[in-house]
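A structural walkthrough
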Amino acid sequence: MAELFGDLRGQAQAVALLTSALQQQRLAPAYLFCGPDGVGRRLAALRFLEGVIAGVDGSASVRRRLQDGNHPDLLWVEPTYSEKGQLVPASQALEAGVSRKAPPQLRLEQVRAVSQFLARRPVEAPRCLVVMEAVEAMAEGAANALLKTLEEPGGGLLVLLSAAPDRLLSTIRSRCQSIPFSRLEPALLQQILADCAGHAAPAAAPDPPELLALAAGSPGALLEHRQQWQALPEGLAERCSSLVSAPGAASPMDALALARDLSEALDVEQQLWLLDWWQLQLWQRHHDPTPLRRLEQLRQQLRSYVQPRLAWEVALLELSGVRA
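Read on for a plain summary of the structure. Treat the numbers as computed from the prediction; the structure is a model and nothing was measured. (Residues numbered from 1 in each chain as written. Predicted model: local features only at pLDDT ≥ 70, side-chain atom pairs only at ≥ 80, totals over all residues. Heavy atoms only, no water.)

1. A word on the overall build of the chain
To be explicit about the condition: Numbered from the N terminus, helices here are DSSP runs of H or I no shorter than four residues, and strands are runs of E no shorter than two. Exposed residues in this analysis have more than 50% of their type's maximum accessible area, buried residues have under 20%, and partly exposed residues fall in between, with area computed by a 1.4 Å probe over protein chains only. The contact rule is simple, with two residues in contact once any of their heavy atoms fall within 4.5 Å. Only the protein chains shown count as cover for residues, and all accessible areas are computed by the Shrake-Rupley method using a 1.4 Å probe. Think of it this way: Lys and Arg go in the positive column, Asp and Glu in the negative one, and His and the chain ends go nowhere. By convention, the charge on Lys lies at NZ, on Arg at CZ, on Asp at CG and on Glu at CD.
From N to C terminus, the chain includes 15 helices and seven strands. Counting the 324 residues in the chain, one finds 45% classified as buried. Within the chain, contacts between residues at least 6 apart in sequence are counted, and of these 72% link residues at least 24 apart. In the form shown here, the chain has an accessible surface area of approximately 16200 Å², with 51% of it arising from carbon and sulfur atoms. Each charge sign in the chain was given a centre, from 31 positive and 35 negative side chains, and these centres are 4 Å apart.

2. A word on helix α10 (residues 219–231)
Rule in force here: What a helix should span is 1.5 Å times the count of its residues minus one.
Over its 13 residues, α10 extends 19 Å from the first C-alpha to the last, a length consistent with the 18 Å expected when each residue adds 1.5 Å. The set of residues buried in α10 consists of Pro 219, Ala 221, Leu 222, His 225, Arg 226 and Gln 228.

3. Focus: the pattern of salt bridges
We count it as follows: The term salt bridge refers to a side-chain nitrogen of Lys or Arg lying within 4 Å of a carboxyl oxygen of Asp or Glu.
For the structure on display, the rule yields 13 salt bridges. The closest approach of N and O atoms between Glu 151 and Arg 175, which form a salt bridge, is 3.6 Å. Of this pair, Glu 151 sits in helix α6 (residues 140–151) while Arg 175 is found in the loop between α7 (170–174) and β7 (177–180), placing the two residues 24 residues apart along the sequence. For Arg 175, a relative accessible area of 34% gives the class partly exposed. Here Arg 260 makes a salt bridge to Asp 261, at a shortest N to O gap of 3.0 Å. For Arg 260, a relative accessible area of 34% translates into the label partly exposed.

4. As for the packing of aromatic side chains
For clarity, the cut-off: Working definition: rings of Phe, Tyr and Trp (its six-membered ring) pair if their centres are within 6.5 Å, and the pair is stacked with planes under 30 degrees apart, edge-to-face with planes over 60 apart, and tilted otherwise.
Within this structure, the stated rule accounts for four aromatic pairs. Arranged with centres 6.4 Å apart and planes meeting at 50°, the rings of Phe 33 and Phe 48 form a pair that is tilted. One end of the pair, Phe 33, is in strand β1 (residues 30–34); the other, Phe 48, is in helix α2 (residues 41–54), with 15 residues separating them in the sequence. Classification of Phe 48 as buried rests on a relative accessible area of 0%. Measuring from centroid to centroid gives 5.5 Å for Trp 229 and Trp 277, while their planes differ by 50°, and the two rings are tilted. Remark: Trp 277 occurs in helix α13 (residues 268–286) and Trp 229 occurs in helix α10; sequence separation between them is 48 residues. Ring pairs connect the aromatic residues Tyr 31, Phe 33, Phe 48 and Phe 181, which therefore count as one cluster.

5. A closer look at the sheet that holds β1
Threshold: Note on pairing: DSSP must find at least two bridges between two strands before they are called paired. Under this scheme, a helix contributes an axis fitted over its contacting stretch, all axes are lines through C-alpha atoms, and angles between N-to-C directions fall in the 0 to 180 degree range.
Spatial strand order, β2-β5-β6-β1-β7: five strands in an open sheet with parallel pairing. Among the strands making up the open sheet, the edge pair consists of β2 (74–77) and β7. Adjacent strand axes in the sheet meet at a mean angle of 15° when their direction is disregarded. Bridge count between β2 and strand β5 (residues 129–132): four bridges; the pairing is parallel. What sits directly across from Val 77, in β5, is Met 132.

6. Topic: the nonpolar core
Side chains of nonpolar character tend, in soluble globular proteins, to be buried together. What counts here: What makes a nonpolar core is a set of buried Ala, Val, Leu, Ile, Met, Phe, Trp, Tyr and Cys residues whose side-chain atoms join them at distances within 4.5 Å.
Counting 35 residues, the largest nonpolar core has Leu 262, Trp 278, Trp 312 and Leu 316 as its most contacted members. Of all elements in the fold, only α8 (186–196), α9 (209–215), α10, α11 (236–243), α12 (252–265), α13, α14 (289–303) and α15 (308–320) reach the threshold of two or more residues within this core. Among the elements that line this core, the one with the most residues is α13, at eight residues. Ignoring anything within four residues of it in the chain, the contact list for Leu 316 reads Leu 243, Ala 255, Leu 258, Ala 259, Leu 262 and Trp 278. Grouped together as the second largest cluster of nonpolar side chains are 30 residues, Phe 33, Leu 46, Val 62 and Leu 66 included.

What follows is the structure, given as structure tokens:
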């Protein structure tokens, strides 16, 4: 059993709970793996399902098939983009050239497919298995459909992954056994990143302090933040910083030009990430909540499908003005 979760580091509580369930063969119909992104929730789900299928000692062949996504009794569901009538998983959107003008969602038809999958007879495993990523990214209709599935789970097993469980319906949370995942200690974070250096390109330069703060103990999050930072067009972050560096420092034309460049150069997901970085930087430098509240309003507008350039123009014009 120790080897089954041997590569899941820094999550002793989660490992203990999952190990106990497998050893005693007392499996809940639904689990909620909750905690920050990038700390091992996805890996834990794979290893847990391996234990469900192959027993407490695990199986190399089952592990490989689960990892590759080709086990007949596993359905892995992630948020999708709607593109020309087709649902494109978020992990495939960039390769498929999908225009990411709005955040991906878990959709009603995906939840219905989950219900149908759980109702079928398993081919090889003891039961049908479903993992749903980012379950907080559900519209109301999808959430209600998921609740109905949880009320009548049948003989399957459902694992929900969420970095924001507070955004889920309380009735959904109450029907799942919660498995908490925590942020990693700084020393373990650096050790894991050092181990990852052989599999991914290391950072070309020291990480800006804002990236380390955003990651907050999550190696996966820090790697993602690095990618987002490196993908920004040169000078764009500096222009955001200088916009509110001093009252009246930027002209209205500067604000409008920045709004144009942000909306044209970045898709909505990148814009939302930039807001996270900018809010943290503003707080660390000025400790003034006023611009943070305005950027939070902008975030809600971008998530509500307001025309991005217009939303940026209004927000940046306000931010560039003289603040009381």
